[in-house]
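# Structural overview
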Amino acid sequence: MPHAILVRRTGGPEVLEYGEIDPPSPHPGELLVDVAAAGVNFIDTYMRDGMYPRDLPFVPGQEGAGTVVAAGGEVTSFAPGDRVAWMGGPASYAEQVLINADTAVRIPDGIDDETAAAALLQGVTAHYLVVSTYPVRPGDDVLIHAAAGGTGSMIVQFAKAKGARVIATVSTVDKEKRAREAGADDVIRYTEVDFTEETRRLTNGKGVEVVYDGVGRTTFDGSLASLTRRGMLVLFGAASGAVPPVDPQRLRAAGSVYLTRPTTAHYADTSEELRWRAGEVFDALDSGALSVRIGGRYPLADAARAHEDLQSRRTTGKLLLIPG
């Protein structure tokens, strides 16, 4: 019997249970995959604690990589033995998973399974944020929170490739080093200085064209105050908690600024768009223009520890669960 992580009740990391599941069998349009690595993301914690409701019980996990074992009827693009990665598909914290063939992405020969699992969701997220949500232009001043994390470091790299000046926020000296390695021009340790005041100082009082904020509650006000006139606050996560309701008049007062809350599902809502973005991420990885740092590998049974480490911000880079 294959093993998986089960959530029978919402709560903290302690609700993640390691146990057996029924062997899955692919339906038409599905792939059965042996999971080589599953990515750990903040969205998994939101589902675990009930911020994003799910029917109980469920197996968490939104992304992974592995090898196709069997293909259901009507699948013509993949065959057993193919290496694939996926994102947005449920139940990835498992030894075997069923995924919709339309959401699978073929892993190029030059990229190993762990790199693919580590890069796909956060790479595609960084791609749509920088290319589509706010299309970064040469010379833009860009503020990126949690820039040493998995998504943050990729946003830094994509923004630098577009010609931006990147201002990054981090919490520690070690994370400052990671952010600079990713390409940040200026790094603010927000535990020591007010990041809004420092951002204003670094931009000669002007503010930045865009803030990429995946932190949420604790950074929102400062992010809004860091924008230049007609700038954009891209709120793409809530690592510190959900942002309370916002009075639209605050956007006027801040300089006729824009606020958006994008989600990956709306920026990769067709297989063609997903594979275009994933292809650009994999091409950048293969050429060396983009790098991904794996910050920790945990046995599948230790998913609770991985969640604890992620939420405590003790880690940098991407966290992976390794079955078997």
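This section reports on the structure supplied with the text. Remember, predicted model here, so these are calculated numbers, not experimental data.

A word on the layout of surface pockets. Of the voids in this model, the second largest pocket is the one considered here, and its volume is about 170 Å³. Lining the second largest pocket are 13 residues; nearest its centre among them are Ser153, Arg178, Ala182, Ser291 and Arg293. Elements with a minimum of two residues in the lining of the second largest pocket: helix H3 (150–161) and helix H4 (173–182). The biggest single contributor to the lining of the second largest pocket is H4, with four residues. Here the lining of the second largest pocket is composed, by residue class, of five nonpolar, five polar and three charged.

Let us now look at the side chain of His307. Residue position: His307 is located in helix H10 (residues 303–311). Taking relative accessible area as the criterion, His307 reaches 0% and is therefore assigned buried. Residues in contact with His307, not counting those within four places in the same chain, are Pro13, Leu16, Val40, Asp44, Thr45, Arg48 and Tyr93.

By the definition in use, this model includes 19 salt bridges. Put simply, Asp141 and Arg165 hold a salt bridge, and the shortest N to O gap is 3.7 Å. Taken as a pair, Asp141 in strand E8 (residues 141–144) and Arg165 in strand E9 (residues 165–170) lie far apart in primary sequence, 24 residues in all. For the salt bridge of Glu176 with Arg189, the shortest nitrogen-to-oxygen distance reads 2.3 Å.

Calculation rules
- Residues numbered from 1 in each chain as written.
- Predicted model: local features only at pLDDT ≥ 70, side-chain atom pairs only at ≥ 80, totals over all residues.
- Heavy atoms only, no water.
- 1 Å grid on protein atoms, 1.4 Å probe; cavity = no way out; pocket = protein on both sides within 12 Å on 5 of 7 lines; lining within 4 Å.
- Points joined across faces, edges and corners; volume = space filled by probe spheres on them.
- Helix = DSSP H or I, 4+ residues; strand = E, 2+ residues; numbered from the N terminus.
- Nonpolar A, V, L, I, M, F, W, Y, C, P; charged D, E, K, R; others polar.
- Buried < 20%, exposed > 50% of the residue type's maximum accessible area, 1.4 Å probe, protein only.
- Contact = heavy atoms within 4.5 Å.
- Salt bridge = Lys/Arg side-chain N within 4 Å of Asp/Glu carboxyl O.

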